[in-house]
Amino acid sequence: MTLGFSRDDVSKFLPEYIDKGLLKHDPFQVLDTEGVGQLVREAVFKGRTTRENLKCGICGEHGGEPSSVEFCHYAGLNYVSCSPFRVPIARLASAHAALKEE
């Protein structure tokens, strides 16, 4: 747990946090690449120093959100998982991230 928010309680204060600029996006929808992302990159790096072929990925709404998918590509994750209706968006975002890398 990084931000310590509960989905059950967050609706009471999250809109105000976003309005006041404390958060850029809903952290349950868009991956915070600066904060949470740093922890993800470090976990992938450290995990692969122990097991070179370690498979790493994410599951949830982030797996179908374009900027989060792009970050996952950059961070070296092997896969993203998301709800079926988001799969086309995730595939397109993944392709865009791969093309940017070239």
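Cut-offs and rules
- Residues numbered from 1 in each chain as written.
- Predicted model: local features only at pLDDT ≥ 70, side-chain atom pairs only at ≥ 80, totals over all residues.
- Heavy atoms only, no water.
- Helix = DSSP H or I, 4+ residues; strand = E, 2+ residues; numbered from the N terminus.
- Buried < 20%, exposed > 50% of the residue type's maximum accessible area, 1.4 Å probe, protein only.
- Phe/Tyr/Trp six-rings, centres within 6.5 Å; stacked < 30°, edge-to-face > 60°.
- Axes fitted to C-alpha atoms, helices over the stretch in contact; angles between N-to-C directions.
- Parallel < 35°, antiparallel > 145°, perpendicular 65-115°, else oblique.
- Left-handed = near helix turned anticlockwise from the far one by under 90°.
- Contact = heavy atoms within 4.5 Å.
- Nonpolar A, V, L, I, M, F, W, Y, C, P; charged D, E, K, R; others polar.
- Core = buried A, V, L, I, M, F, W, Y, C linked by side-chain atoms within 4.5 Å.

### Concerning the overall build of the protein
Inference 1: Assigned secondary structure in the protein consists of five helices and two strands.
Inference 2: When the elements of the protein are put in sequence order from the N terminus, they spell out α-α-α-β-α-β-α.
Inference 3: Taken along its principal axes, the extent of the C-alpha atoms in the protein is 40 × 30 × 25 Å.
Inference 4: Buried positions account for 28% of the 102 residues belonging to the protein.

### Some remarks on the packing of aromatic side chains
Inference 1: Scanning the model with the defined rule gives four aromatic pairs in all.
Inference 2: Between Phe5 and Tyr17 the ring centres are 6.2 Å apart and the planes differ by 65 degrees, which places this aromatic pair in the edge-to-face class. Of this pair, Phe5 sits in the segment before α1 (7–10) while Tyr17 is found in helix α2 (residues 14–19), placing the two residues 12 residues apart along the sequence.
Inference 3: Its relative accessible area of 31% is what places Tyr17 among the partly exposed residues.
Inference 4: Feature note: the residues Phe5, Phe13 and Tyr17 constitute an aromatic cluster, connected by ring pairs.

### As for the packing of helix α4 (residues 66–75) against helix α5 (residues 87–101)
Inference 1: Axis separation between α4 and α5 bottoms out at 8 Å; the angle between their running directions is 45 degrees. Comparing the axis directions of α4 and α5 gives the class oblique. Our pair here, α4 against α5, has a crossing hand that is right-handed. Where α4 abuts α5, its residues Pro66, Val69, Glu70 and His73 lie against Ile89, Ala90, Ala93, Ser94, Ala97, Ala98, Lys100 and Glu101.
Inference 2: Here the contact of α4 with α5 is built from residues that sort into seven nonpolar, two polar and three charged.

### Thoughts on the nonpolar core
Inference 1: Judged by nonpolar contacts, Leu31, Val36, Val44, Cys56, Ile58, Phe71, Cys72, Ala75 and Leu77 together constitute the single largest core of nine residues.
Inference 2: Taken together, the elements giving at least two residues each to this core come down to α3 (36–50) and α4.
Inference 3: Once you skip the residues sitting within four places of it in the chain, Leu31 turns out to touch Val36, His62, Ser68 and Phe71.

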